[in-house]
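Here is what each chain is made of, one letter per residue.
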Amino acid sequence: MKPVMTFALMTMRSLVRRRTIWGISIVILLALIGIGQVPGYGTTNQGRFIIDFGLFGLEVGAFLLAVGLASNIYPRDRERRTIMPIIAVPLSRGEYLMGRFLGAAIVQAAAILVGCIGLMIVLIMKNHAVPPDLFPASLLLVVEGWFLLAVVFFFSFWTSPPLNAPLTLFLFIVSQMSVLDFVKLVPGVPGLMRVIRLLLPHMDVFHIKDPITHGMDIPGLYFLLAVLYGLSYMAFMLSVALAVFRKRDLK
Amino acid sequence: MILKLLAISVLLLVLSCRADYDIEEVADEEYLGEGHHSHDLPDSLQHEESLHDHSGDPEHDAGEEHAGEHKERLEDEAVSGHQMHVHQPGERNHGTEWFFNQPWAAKFIWGKMLRDSVVLILLAGLITFFSGRNRK
């Protein structure tokens with residue numbers, strides 16, 4: 001485990017040095033500030049809109065971070081041939097994937113949590129109450145972001161970076177749809193469409209902005225189940241990514 | 001190799017067949033039916049009157065006066081074309097079904113979420129094991 005953690009910290013440091021992470025983080029924070037500047041026109045529920053749009057912005061930010069952080073890692077290692085000495089002796093392919101994933105996951109989680117703190121500051125500056133479940137809601141978005149990160153790693157092992165982003169975006173959009181809506185996309189083959197959709201996660205599990213904006217309490221058990229659900233999908237995608245990576249010829 | 005693929009495919013199919021928890025599909029009628037109450041003025045008032053026959057009860061007389069006011073107000077709204085009515089916060093009704101059809105509110109799918117998680121973790125372990133063994 002120690003080699004994986006060391007490699008994860010190395011990955012984290014190299015990602016922080018890149019401009020991508022800073023660019024996306026600045027865009028997220030600017031979007032949050034912009035949301036806070038939307039005039040309330042005297043409506044009493046302005047805080048709800050800020051929380052609703054803010055959490056939506058963080059979710060989109062999680063997607064952008066996943067693509068921005070992970071889509072280039074493996075192709076760059078392969079292009080520069082740094083992957084050869086790494087997996088030749090110190091690390092197995094599984095440890096390489098875990099190290100790279102953990103490093104990117106730490107950076108992504110930190111960026112989303114900074115976004116959550118930014119949203120709290122915007123709410124306080126606009127004299128709105130900060131709901132107690134805002135932080136757990138952001139944690140669920142972190143888990144959703146980790147799943148997307150695993151998807152990006154999976155695609156990066158067998159597609160080019162320019163194709164990775166649209167494929168992940170497609171999966172991100174499709175995962176937001178209900179089974180019924182997805183089947184309606186190609187009604188001619190309902191069975192196949194149903195199987196495809198059911199293999200993808202229900203992203204609405206991670207969305208609790210509606211009850212938060214209406215001041216409703218979410219049971220702690222639900223948070224635990226949603227986190228477990230997200231982590232298990234993430235583990236599944238990572239295992240598929242590892243199976244593809246193990247088959248790859250790196251020469 | 002073929003056996004491995006078959007095993008994984010069967011597991012995936014089992015998952016696919018059983019993982020369906022689109023709330024609109026799997027919710028029982030009782031759950032979905034909570035939101036479908038009628039606001040047809042004559043029926044609802046007739047129902048109310050047929051259920052409550054308390055002639056001579058002073059408290060009920062006051063209640064009937066209130067019901068009469070409510071009826072008049074609803075009739076006024078109907079005449080003026082203003083059909084809006086107010087529900088209590090957190091109450092499930094025809095306008096808030098989308099809200100209560102989300103996973104956090106539909107407790108009957110929580111068990112399915114747990115089941116899917118277990119199946120996925122099992123699948124992840126199997127895929128990792130088989131892909132590693134194949135490489136060796």
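Residues numbered from 1 in each chain as written. Chains lettered and ligands numbered in written order. Predicted model: local features only at pLDDT ≥ 70, side-chain atom pairs only at ≥ 80, totals over all residues. Heavy atoms only, no water.

**So, helix H10 (residues 190–199) of chain A**
The set of residues buried in H10 of chain A consists of Met193, Arg197 and Leu198 of chain A. The buried residues of H10 of chain A all sit within an arc of 125° when viewed along its axis, so they share a single face. (Buried < 20%, exposed > 50% of the residue type's maximum accessible area, 1.4 Å probe, protein only. Helix = DSSP H or I, 4+ residues; strand = E, 2+ residues; numbered from the N terminus. Arc of directions from axis to C-beta.)

**Observations concerning the packing of aromatic side chains**
Residue and element names in this part refer to chain A. Applying the stated criterion to the full structure yields 15 aromatic pairs over all chains. Taking the centre distance of 5.3 Å and the plane angle of 70° together, the rings of Tyr229 and Tyr233 count as edge-to-face. Taken together, the residues Tyr229 and Tyr233, both in helix H12 (residues 220–247) and four residues apart, mark about one turn of the helix. Each member of the pair, Tyr229 as well as Tyr233, carries the same accessibility label: buried. (Phe/Tyr/Trp six-rings, centres within 6.5 Å; stacked < 30°, edge-to-face > 60°.)

**Observations concerning the confidence of the model for chain B**
All names here are of chain B. Chain-level pLDDT for chain B is 62 on average; 26% of the residues reach the 70-or-more range. The lowest-confidence element of chain B is helix H4 (residues 41–51), averaging 41 in pLDDT; the highest-confidence one is helix H7 (residues 110–135), averaging 84. Confidence over residues 35–57 falls short of pLDDT 50; this stretch has 19 contacts with residues more than four positions distant or in other chains. As scored by the predictor, the complex reaches a pTM of 0.77 and an ipTM of 0.85. (pLDDT = per-residue confidence, 0-100. Contact = heavy atoms within 4.5 Å.)

**What to know about a nonpolar patch on the surface**
Residues and elements named next belong to chain A. Residues Val16, Trp22, Ile26, Leu30 and Ile33 make up a contiguous nonpolar surface patch of about 500 Å² in total accessible area. Counting residues per element, the nonpolar patch draws most heavily on helix H2 (residues 19–37), at four residues. Mapped onto the secondary structure, Ile33 falls in helix H2. (Patch = residues over 30% accessible without salt bridge, like charges linked within 9 Å, V, L, I, M, F, W, Y side chains within 5 Å. Areas by Shrake-Rupley, 256 points an atom, 1.4 Å probe, with all protein chains shown as cover. Salt bridge = Lys/Arg side-chain N within 4 Å of Asp/Glu carboxyl O.)

**Some thoughts on the packing of helix H3 (residues 46–70) of chain A against helix H7 (residues 134–156) of chain A**
All names here are of chain A. Relative to each other, H3 and H7 sit at 25°, their axes nearing to 8 Å. With respect to H7, the element H3 is oriented roughly parallel. Note that H3 runs across H7; the crossing there is right-handed. Where H3 abuts H7, its residues Ile51, Leu55, Leu58, Glu59, Ala62, Phe63, Ala66, Val67 and Ala70 lie against Leu134, Ala137, Ser138, Leu141, Glu144, Gly145, Leu148, Leu149, Val152, Phe153 and Ser156. Residue composition of the contact of H3 with H7, by class: 15 nonpolar, three polar and two charged. (Axes fitted to C-alpha atoms, helices over the stretch in contact; angles between N-to-C directions. Parallel < 35°, antiparallel > 145°, perpendicular 65-115°, else oblique. Left-handed = near helix turned anticlockwise from the far one by under 90°. Nonpolar A, V, L, I, M, F, W, Y, C, P; charged D, E, K, R; others polar.)

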